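# Architecture and fold: a report
For reference, the chains in residue letters:
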Amino acid sequence: MERRSTDLCLPPALIRHVIPDLPSAAELQPYLQRIDEARWYSNFGPLVCELEEKISALLASPSAGRSEYGVHVTTLASGYHALEIALRLSARRHARRVLVPAVTFCACPLAVQHAGLEPVLADVDPTTWMLTPEIARAALQRMELAAVMPVATYGVPQSCAGWDEFSKDTGVPVVLDAAAAFESQRVLRKGLVACSLHATKPFGVGEGAVLLGTDSDQIAQARRFSNFGMIGRVGHADGANTKMSEYHAAVGLAQLERWTAVKARRRAVLELYRRRLGPLAGLVSMQPSIDHAVVSILMLRLSEPIAAAVIDEGRRLGIGLHQTYFPPLYRHPNFARIPLVDIEGKVHMDGDIGDKAAHMPGSEELLKHLVGVPFHAFMREEDVEFVVQHFAELAENSHRVGFPVGGIAHAV
Ligand SMILES: Cc1ncc(COP(=O)(O)O)c(C=O)c1O
């Protein structure tokens, strides 16, 4: 499609599909002042402790649904570390495999491998776009699992009831990757929940994470692991250095003050998209239960399998369309040898891409249908209108002129 002279020029903000919404220097100033005064920069200083207490209170509030258990929190250096530590602490000793969805970020299988375990990539449910307890139960019919790592994909929370029941029935620990679902993801009754505080996530501090659980001992062990396994200066257990510094906690405390406003800004942009996409209902839809998320990445589902062509065209026009979490992990060279599990629980150890695609119809369907659009708090109504107008044009044209379907938008 040629760019017409009547086409609008893209405002620069739209070229980036994500723009973090973090505290300004002025908002950070009082917290930095406290660091200067205390001269305490890391090793569980006053700001880290205050951030943990405040997050614990926020997530244990009745509206977050876990007041009956209390929520224990430790801060960590990154979401990746939170996953690795959670597995080290909770995986069953007599098994080695950990079920991970095929549609997620590289951090998931890497955390499994670095915890000394073996990832197995599960197909995802094409309706919810997630690894579900039903898929994990099917896998368990065919293999022993050390743990399961479901993901709150694109920040839409996983069902706590479903996973609590799964771990109660099967005894398999759940490490829930809620990287983009801070606060939206309720804490499991049993099991650990990891939220990334990376700049691009809804609650960003730059780099960082919180690991959440209802078992205070487990969270204390995670905290100890993050500081070389020491109590005082004495090593008591395995560990590494994965602590959060006082500077990141300063950003976190300033971010907590803005959190209500951050959520409101994201909700408002989602609402703008919803309104503008209304007339395209037959062509484009959103992820189910997206209203329970604080959206930081907005993926749209096209009714036709033309995602690759739409993304190529969008990029040519300068619109920041993307396919976050694609291609599925089994198409990445680094993860190509990991065994696959289909939704009936059958294990597939090897095969070329054609075989893999045939075993993983849910992930392949999403690869062909999902497209991410620019989404951040600084988008104005006219920006959203601009994106949707072009998006609709691209989708319709791609469909009409019969772009090749089923290609992938990434070089792999
Ligand atoms: C699903 C998922 N898991 C884990 C991570 C890793 O989080 P971090 O960047 O804080 O290490 C990310 C980061 O994007 C993610 O999207």
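Residues numbered from 1 in each chain as written. Predicted model: local features only at pLDDT ≥ 70, side-chain atom pairs only at ≥ 80, totals over all residues. Heavy atoms only, no water.

Moving on, we come to the site of the ligand. In the region of the ligand, 14 residues are neighbours, and Gly79, Asp177, Ser196, Lys201 and Tyr325 sit closest. Between an oxygen atom of the ligand and a main-chain N or O atom of Gly79, the distance comes to 2.8 Å. Between the ligand and Tyr325, the relevant distance is 2.5 Å, taken from an oxygen atom to a side-chain nitrogen or oxygen of the residue. Compared with its free state, where it exposes 390 Å², the ligand has 90% of that area covered by protein. It is helix 4 (residues 79-90) that contributes the most residues to the shell around the ligand, 3 residues altogether. Grouping the constituent residues of the shell around the ligand by class yields 7 nonpolar, 5 polar and 2 charged. (Near = heavy atom within 4 Å. Polar contact = N/O pair within 3.5 Å; in protein donor to acceptor, adjacent residues only side chain to side chain. Areas by Shrake-Rupley, 256 points an atom, 1.4 Å probe, with all protein chains shown as cover. Helix = DSSP H or I, 4+ residues; strand = E, 2+ residues; numbered from the N terminus. Nonpolar A, V, L, I, M, F, W, Y, C, P; charged D, E, K, R; others polar.)

This part takes up the sheet that holds strand 1 (residues 72-76). Paired through backbone hydrogen bonds, the strands of a sheet run either parallel or antiparallel to each other. Strands sit in the order 1-7-6-5 across an open sheet of 4 strands; the sheet is mixed. Of all the strands in the sheet, just strand 1 and strand 5 (175-177) have a single pairing partner and so form its edges. Strand-to-strand twist in this sheet, taken as the mean axis angle between neighbours without regard to direction, amounts to 20°. Bridge count for strand 5 against strand 6 (residues 192-196) is 3 bridges, and the pairing is parallel. By the bridge assignment for strand 6, Val175 is matched with Leu192. Each of strand 1 and strand 7 (209-213) is contacted by helix 3 (residues 46-59), which is oriented at about 135° to strand 1, the strand it contacts most. (Pairing = 2+ DSSP bridges. Axes fitted to C-alpha atoms, helices over the stretch in contact; angles between N-to-C directions. Contact = heavy atoms within 4.5 Å.)

This next bit is on the confidence of the model for the chain. Of the residues in the chain, 91% have a pLDDT of 70 or more, and the chain-wide mean is 91. Below pLDDT 50 for its whole length, residues 1-7 participates in 13 contacts with residues either more than four positions away or in separate chains. (pLDDT = per-residue confidence, 0-100.)

Most of strand 7 is tucked away, with 5 of its 5 residues classed as buried. The alternating pattern of strand 7 places Ala209, Leu211 and Gly213 and Val210 and Leu212 on opposite faces, both of which are buried. Here strand 1 pairs with strand 7 via 5 bridges, running antiparallel. Opposite Thr74, over in strand 7, you have Leu211 as the bridge partner. As judged from the 4 bridges shared by strand 6 and strand 7, these two strands associate in the antiparallel manner. In the sheet register, Ala194 faces strand 7, and the bridge partner there is Leu211. (Buried < 20%, exposed > 50% of the residue type's maximum accessible area, 1.4 Å probe, protein only.)

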